[in-house]
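Observations on chain architecture
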Amino acid sequence: MGVKQFLGIKWINSNPQMLFYDNITHSIQYEDCNRNHRNKKDDGKTLQRVL
Amino acid sequence: MEKHCKGYYDLIKKEMVPCKSFTNLTESGYSQCKECQEKSGFDLCLGCNGSTCQTNSNKARIFCHEGHHVYLAYFANDKLKVGTAASYRKYERILEQGALYSIFLAQTPNGRIARQIESQISKLGITSRVNSSYKMNNFIIDREQEEIDRMLMQEYESILRNIDERFKKYFIKPEYNNFINISDKVRQNLLEESRQLNLFGGMDDPTHKEYEKISKPEYISGEIQTTVGSLILLKNENKYSVVNMKSLEGWMVDFKKREIGEKNNEVFDRGER
Ligand SMILES: [Zn+2]
Ligand SMILES: [Zn+2]
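Residue numbers here run from 1 along each chain, matching the order of that chain's written sequence. Written order decides the labels, with chains lettered from A and ligands numbered from 1. This being a predicted model, a pLDDT of at least 70 is required before a residue's local features are given, and a value of 80 or more before pairs of side-chain atoms are given or counted; all residues contribute to the totals for chains, interfaces and linings. Side-chain descriptors were evaluated using all non-hydrogen atoms of the structure, hydrogens and water having been removed beforehand.

Here the focus is the overall build of chain A. What counts as a helix is a DSSP run of H or I of at least four residues, what counts as a strand is a run of E of at least two, and both are numbered from the N terminus. The number of helices and strands found in chain A is one helix and four strands. Along chain A, helices and strands appear, N-terminal first, in the series β-β-β-α-β. We call a residue buried when its accessible area falls under 20% of the maximum for its residue type, exposed when it is over 50%, and partly exposed in between, using a 1.4 Å probe and counting protein chains only. Looking at chain A as a whole, 43% of its 51 residues qualify as buried. Note on definitions: a residue-residue contact is assigned when non-hydrogen atoms from the two residues lie within 4.5 Å. Considering only intrachain contacts with a sequence separation of at least 6, the fraction spanning at least 24 residues in chain A is 11%.

Spelled out as structure tokens, the structure:
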């Protein structure tokens, strides 16, 4: 991917993404950092409501 | 390698805005330039307790007029934290904090009232800040979900008994959230089931595996097992490390990705300084 600026991890729709900024093309690239969860049946969050 | 201003997150447009001047911050302890800090609009909102609004930013004012929630979060080793979140992004908010178990306990028409409630609750002895070194050192949650739920519920009741009368109308039936799939992933990796019978005929409690704590990563590699807030759990051969990715923000990195099954996985290189 080459040298890019790391902007941080952002949680987008309950999935963590690593953001990289390319200073030459002025674009932001997203890399999934929860790949392991993707293959699972219940991806993302489990919300429970009690009471 | 160099560090540049990371820009800012526009909470209204919900997007990351890169820094216009790409300010070099290699020698600085910050990851954001003054201009971007101001543009984010929230530099004067840090530490706000809702008594008087300090901000001169329209963006912050718009955001503050959105509906908010007050939450109570559970962190490992029984640390409870109170916090606020704009309602439209309340799940993202607790996820970016790495709060895997929490309840939303109050709903307010704006951020100011939410901040006032937060500040009252923190006066009752519940912290409003858990730093990343605590989160790194207390990465594994041992308690069962039911125990955590009970603890949160008890605290909710105690808060409700002790909070100012004028805030009670904002309290809601607590809404539980947990991200068990994330805490399970941590436990699957870092807990070692004991195979030994103890004196009383039962199994010993599972023991924690060693993991390295990397608060200022320079070169890291491994397979990402899971992400908790801004911390990632990396596995390399049979070694684990928890990495604080927040301290990499702004740095120029060489990120190499390899598919699972190949010899190595993600590699981060901040290189020589
Ligand atoms: Zn900037
Ligand atoms: Zn304010």
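Resuming the write-up.
Residues and elements named next belong to chain B. In the cavity and pocket records, a cavity denotes points on a 1 Å grid over the protein atoms alone where a 1.4 Å probe fits but cannot get out, a pocket denotes an open set with protein on both sides within 12 Å along at least 5 of 7 lines, and lining residues are residues with an atom within 4 Å of a point. Grid points are joined across faces, edges and corners, and a volume is the space filled by probe spheres set on the points. A volume near 250 Å³ is recorded for the second largest pocket. Considering the residues around the second largest pocket, the lining is formed by 14 residues, among which K3, G29, K216, S247 and W251 are closest to the centre. Looking at the lining of the second largest pocket, its residues break down into two nonpolar, four polar and eight charged. Segmentation of the chain into domains, including their bounds, is taken from an automatic or database domain assignment. In this structure, the lining of the second largest pocket is formed jointly by two domains, domain 1 (1–47) and domain 3 (187–269), each of which donates at least three residues. Charged means Asp, Glu, Lys or Arg here, nonpolar means Ala, Val, Leu, Ile, Met, Phe, Trp, Tyr, Cys or Pro, and polar covers whatever is left, Gly included.

Residues and elements named next belong to chain B. Phi angles above zero are rare outside glycine, and N77 is one such case at about 60°. Considering the arrangement of structural elements, one finds N77 in the loop between β3 (68–75) and β4 (79–86). For N77, a relative accessible area of 53% gives the class exposed. The phi dihedral of D78 is positive, around 60°, even though this residue is not glycine. Its location among the elements puts D78 in the loop between β3 and β4. The exposure class of D78 is partly exposed, given its relative accessible area of 35%.

Attention shifts here to the nonpolar core. A:M18, B:I117, B:M245 and B:F268 are the most contacted members of the largest nonpolar core, which totals 70 residues. Per-element tally for this core: the top contributor is β3(B), with six residues. When residues of this core are sorted by domain, at least three fall in each of domain 2 (65–178) and domain 3 (187–269) of chain B. For A:M18, the residues in contact, after removing those within four places along its chain, are A:F6, A:G8, A:I9, A:Q29, A:Y30, A:E31, A:C33, B:I224, B:M245, B:F255 and B:F268. Among the buried residues, those of types Ala, Val, Leu, Ile, Met, Phe, Trp, Tyr and Cys that are joined through side-chain atoms within 4.5 Å form a nonpolar core.

Attention now goes to the domain arrangement of chain B. All names here are of chain B. The domain architecture assigned to chain B consists of domain 1 (1–47), domain 2 (65–178) and domain 3 (187–269). Taken together, the contacts link 16 residues of domain 2 with 15 residues of domain 3. Across the interface of domain 2 and domain 3, roughly 1300 Å² is buried in total on both sides, 66% from carbon and sulfur atoms. Buried area is understood as the total, over both parts, of accessible area removed when two parts are fitted together, assessed with a 1.4 Å probe. Looking at the side of domain 2 facing domain 3, the largest losses of area belong to M136, F139 and I140, adding up to 57% of the total buried there. Salt bridge, as applied in this entry: a Lys or Arg side-chain nitrogen positioned within 4 Å of an Asp or Glu carboxyl oxygen. Where domain 2 meets domain 3, there are one salt bridge. Its salt-bridge partner being E144, residue R187 comes within 3.6 Å of it at the nearest N-O pair. For the purposes of these results, a polar contact is taken to be a pair of N or O atoms within 3.5 Å, where, inside protein, one atom must be able to donate a hydrogen and its partner to accept one; residues adjacent in sequence count only when each atom of the pair is a side-chain atom. Summed over the shared surface of domain 2 and domain 3, the number is four residue pairs in polar contact (both at pLDDT 80 or more). At the level of elements, α3 (90–97) and α5 (132–137) are the ones that each hand at least two residues to the side of domain 2 that touches domain 3. Top contributing element to the side of domain 2 that touches domain 3 by residue count: α5, with four residues.

A word on the pairing of β4(B). Of all the eight residues making up β4(B), seven are buried; the element is thus mostly covered by neighbouring parts of the structure. Strand pairing follows a simple DSSP-based rule, namely that at least 2 bridges must link the two strands. Joining the antiparallel neighbours β3(B) and β4(B) is a turn of three residues, in which B:N77 adopts a positive phi near 60°.

All names here are of chain B. Protein coordination of the zinc ion (ligand 1) is provided by C5 (SG), C19 (SG), C33 (SG) and C36 (SG), with donor distances spanning 2.3 to 2.4 Å. Coordination here is defined by N, O and S atoms within 2.8 Å of the metal (3.2 Å for Na, K and Ca), and since water is not considered, a site can look incomplete. Every geometry call rests on angle ranges, with four donors termed tetrahedral when all angles are between 85 and 135 degrees, four termed square planar and six termed octahedral when opposite donors are over 155 degrees apart and all others are between 65 and 115, and everything else termed irregular. In this structure, the zinc ion (ligand 1) is coordinated by four donor atoms arranged in tetrahedral fashion, with angles at the metal of 101 to 119°. Within one chain, the residues serving as donors to the zinc ion (ligand 1) are arranged as C-x13-C-x13-C-x2-C. A residue pair is termed long-range when its members are at least 10 positions apart, and C19 in the loop between β2 (15–17) and α1 (34–40) and C33 in the loop between β2 and α1 qualify at 14 residues. Taken as a pair, C19 and C33 share a single burial class, namely buried.

Two aromatic rings, drawn from Phe, Tyr or Trp (for Trp, its six-membered ring), form a pair once their centres lie within 6.5 Å of each other, and the interplanar angle then sorts them: stacked below 30 degrees, edge-to-face above 60, tilted otherwise. Across all of its chains, the model carries eight aromatic pairs over all chains by this definition. With a centroid separation of 6.1 Å and 70° between ring planes, the pair formed by B:Y91 and B:F104 is classed as edge-to-face. Of this pair, B:Y91 sits in helix α3 while B:F104 sits in strand β5 (residues 101–108), and the two are 13 residues apart along the sequence. In terms of burial, B:Y91 and B:F104 fall into one category: buried. Grouped by ring-pair contacts, the aromatic residues A:F6, A:F20 and B:F255 constitute a single cluster. Geometrically, a lysine NZ or arginine CZ counts as sitting over a ring once it is within 6 Å of the ring centre and also within 35 degrees of the ring normal. If you follow B:K79 out to its NZ or CZ, it ends over the ring of B:Y134, 4.7 Å from the centre. Against the face of B:F104 rests B:K90, its NZ or CZ located 4.8 Å from the ring centre.

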